Amino acid sequence: MPVKNLREEYQKRIDGYENAIGYRTRVMNYIALLRLITLIAVIYFFVMGVKSDQLINFFASSLMVVTFFLLVSFHKLHRDKRELIRQLKKLNMKEINCLDHNFSENNDGAEFINRHHSWSYDLDIFGRGSLYQYINRTATRKGKSNLAKLLSSSPLIVEQIYERQEIIKDLKDRIDFRQSYIASANLITENESDFSEIQNWLETKSYIQRNRWLVAVAILSSLASVFIIVAGVINLSNFRYLLPLILFNWGILAPFLQRTNKYQSNISKKHELLSGYA
């Protein structure tokens, strides 16, 4: 595609993404307002239920609680979509800069410079103004290292050259696919130790696997909670049995709280990383 047409295509996409960002922002504002109204409704119906002792008010309050969490989920969905669109807009702005021979925003692969390599150092394959910086569109640590490996090694057989040419030919006009892939990858926060930590996490048995009695306690406690809540809906006085159950749960959880928080923190970080890769 000629440079002029590419510039027009990128600018067209930027304009479209700006409109999409504005739309998502407006929807998020409406959802935020509805969340506030729903929260007020939760408190209102609960107070009315306490005053009137009518089950319908408690039911309405519970319904508002469910609605509130659904709105929270919708808000997050639109927020994530907006962040992806922002990445897409940023990506197209960067491509226009590249058309103007401004590659400063691209990683230059300086960490891959090897003065003792047979030819990559002499040919300025890596570093500022290098071939790596010109063609680099990678967005993950693994992608950066794979590109460096391709540029600093020779294909073993001619068929590998033909295969790479076919891949490039297939991807060159698939702008939507390429940009969606890169924008999604740009949302991933990676650390150098992530892969080793994931490996250790997968190979280590959790505390609850080594103490099976905790599984039985968790199941029985959950069943008891459901039973008390159902009984409380039938007769409000039955809700008083929740307090001793809550105290029992806290008594069981307290010794494991620090360990549980550590597991939760690690799993949450890795979950976001693995979701991004998926």
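This write-up is about the structure you can find in this document.

### Let's talk about the overall build of the protein
Phase 1: For the protein, the count of helices and strands is eleven helices and zero strands.
Phase 2: Each helix (α) and strand (β) of the protein, taken in turn from the N terminus, gives the series α-α-α-α-α-α-α-α-α-α-α.
Phase 3: Along the longest, intermediate and shortest principal axes, the C-alpha atoms of the protein span 80 × 50 × 30 Å.
Phase 4: Within the protein, the proportion of its 278 residues that are buried is 25%.
Phase 5: Put simply, of all contacts in the protein between residues at least 6 apart along the chain, 65% involve residues at least 24 apart.
Phase 6: Just so you have it, the protein exposes about 19,900 Å², and 61% of that area is on carbon and sulfur atoms.
Phase 7: Here the protein contributes 36 positively and 26 negatively charged side chains, and the mean placements of these two sets differ by 8 Å.

### Concerning helix H4 (residues 141-151)
Phase 1: Taken as a whole, H4 has its buried residues at Gly143, Leu147, Ala148 and Leu151. In an axial view of H4, the angular spread of the buried residues amounts to 135°, which keeps them on one side of the axis. Turned more than 90 degrees away from the buried face of H4, the exposed residues are Lys142 and Lys149.
Phase 2: For H4, the secondary structure elements touched by its buried residues are helix H3 (131-135).

### Brief notes about the nonpolar core
Phase 1: With six residues, the main nonpolar core is built from Ile125, Phe126, Tyr132, Leu147, Ala148 and Leu151.
Phase 2: Here this core gets three residues from one element, more than from any other, and that element is H4.
Phase 3: Every residue in contact with Leu147, bar those within four places of it in the chain, is listed here: Tyr132, Ile135, Asn136 and Thr138.

### Examining the environment of Leu70
Phase 1: Mapped onto the elements, Leu70 comes out in helix H2 (residues 55-99).
Phase 2: Leu70 sits in the partly exposed class, given a relative accessible area of 47%.
Phase 3: Sequence separation between Leu70 and Arg86 is 16 residues, and the spatial gap between their C-alpha atoms is 24 Å.

### Points about the side chain of His78
Phase 1: Here His78 lies in helix H2.
Phase 2: For His78, the side chain forms a polar contact with the side chain of Arg24, separated by 3.0 Å.
Phase 3: Setting aside chain neighbours within four positions, we find His78 in contact with Arg24, Val27, Met28 and Ile31.

### A word on the pattern of salt bridges
Phase 1: The full count for this structure, using the stated rule, is ten salt bridges.
Phase 2: When the shortest N-O distance is used, the salt bridge between Asp80 and Lys76 registers 2.9 Å. With Asp80 and Lys76 both in helix H2 and four residues apart, the pair spans about one turn of that helix.
Phase 3: Residue class for Asp80 comes out partly exposed when judged on its relative accessible area of 35%.
Phase 4: For Lys76, a relative accessible area of 45% gives the class partly exposed.
Phase 5: A single salt-bridge network, built from bridges that share partners, covers Glu9, Arg13 and Asp176.

Each value, and the rule that gives it
- Each chain carries its own residue numbering, running from 1 in the written order of its sequence.
- With pLDDT at 70 or above as the cut-off, local features in this predicted model cover only qualifying residues; side-chain atom pairs require 80 or more to be listed or tallied, and sums for whole chains, interfaces and linings still use all residues.
- Note: side-chain values were computed over all heavy atoms of the structure, leaving out hydrogens and water.
- Helical segments are the DSSP runs of H or I of at least four residues, strand segments are the runs of E of at least two, and each set is numbered from the N terminus.
- Throughout, exposure labels follow a simple rule: accessible area from a 1.4 Å probe, protein chains only, divided by the maximum for the residue type, with under 20% read as buried, over 50% as exposed, and the rest as partly exposed.
- Here, residues are in contact when the closest pair of their heavy atoms is within 4.5 Å.
- Here the accessible surface of atoms and residues is derived via Shrake-Rupley with a 1.4 Å probe, and residues count as covered only by protein chains that are part of the display.
- None of His or the chain ends enter the tally, which takes Lys and Arg as positive and Asp and Glu as negative.
- Throughout, a charge is located at the NZ atom of Lys, the CZ atom of Arg, the CG atom of Asp or the CD atom of Glu.
- Directions from the helix axis toward the C-beta atoms define the arc.
- To form a nonpolar core, buried Ala, Val, Leu, Ile, Met, Phe, Trp, Tyr and Cys residues must be joined to one another through side-chain atoms within 4.5 Å.
- Whenever a nitrogen or oxygen atom comes within 3.5 Å of another N or O atom, the pair is scored as a polar contact, on the condition that within protein one atom can donate a hydrogen and the other can accept it, and that pairs from neighbouring residues in sequence are kept only if both atoms are in side chains.
- Just to be clear on terms, a salt bridge is a Lys or Arg side-chain nitrogen sitting within 4 Å of an Asp or Glu carboxyl oxygen.

Any link to function would need more than the numbers given here.
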